[in-house]
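# Architecture at a glance
So you can see what is in the structure, the chains are spelled out below.
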Amino acid sequence: AAGSVCVYELAQASVVAEFACHAGAVRGVRWLGADRLVTFARGAGDLAADGAPAADEVAVLDVCSGESRQLPPALLRGAEGSLFGLRPSPCGRRLALLFKTAPVVLVDTQA
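Below is a short write-up of the structure. (Residues numbered from 1 in each chain as written. Predicted model: local features only at pLDDT ≥ 70, side-chain atom pairs only at ≥ 80, totals over all residues. Heavy atoms only, no water.)

### What about the nonpolar core?
Grouped together as the largest cluster of nonpolar side chains are 13 residues, with contacts concentrated most on Val 38, Val 58, Leu 71, Leu 83, Leu 86, Leu 95 and Leu 97. Among the secondary structure elements, those contributing two or more residues to this core are strand E4 (36-42), strand E5 (56-62), strand E7 (83-88) and strand E8 (94-99). Among the elements that take part in this core, E8 stands out by supplying 3 residues, more than any other. Not counting the four nearest positions on each side in its chain, Leu 83 is found in contact with Arg 27, Phe 40, Arg 42, Asp 56, Val 58, Leu 97, Leu 98 and Phe 99. Formed by 9 residues, the second largest nonpolar core is a distinct cluster that contains Val 7, Cys 21, Leu 37 and Leu 61. (Core = buried A, V, L, I, M, F, W, Y, C linked by side-chain atoms within 4.5 Å. Buried < 20%, exposed > 50% of the residue type's maximum accessible area, 1.4 Å probe, protein only. Helix = DSSP H or I, 4+ residues; strand = E, 2+ residues; numbered from the N terminus. Contact = heavy atoms within 4.5 Å.)

### Re the pattern of salt bridges
Enumeration over the complete set of coordinates arrives at 2 salt bridges. Across the salt bridge formed by Arg 27 and Asp 56, the nearest N and O atoms sit 4.0 Å from each other. Of this pair, Arg 27 sits in strand E3 (residues 26-31) while Asp 56 sits in strand E5, placing them 29 residues apart in sequence. Using a relative accessible area of 36% as the deciding quantity, one classes Arg 27 as partly exposed. (Salt bridge = Lys/Arg side-chain N within 4 Å of Asp/Glu carboxyl O.)

Any functional reading would require information that these geometric values do not contain.
Laid out in structure tokens, this is it:
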């Protein structure tokens with residue numbers, strides 16, 4: 001389903017975890033270490049009801065516990081519809097959110 005992320009274990013050919021974490025289609029996934037993922041998506045549809053670009057969504061997922069946490073929308077304000085990528089730090093604690101129309105935003109994934 002749109003907005004869902006499935007984690008497969010190839011050796012067992014089975015789904016380890018499934019997260020329904022976004023309103024729209026998932027546009028990117030990155031690992032944050034051995035047991036966490038970060039995903040990003042644009043809200044359902046290309047435009048919000050008022051004709052503005054749909055809001056971007058970023059979620060941090062814990063595969064072991066099954067918890068999903070959305071990053072606060074305030075981090076993405078002023079750049080709706082322009083998130084085109086993200087890059088985790090080598091330790092997975094921080095993210096660089098990359099926008100087409102706004103400066104890079106650095107986020108602590110554990111805060």
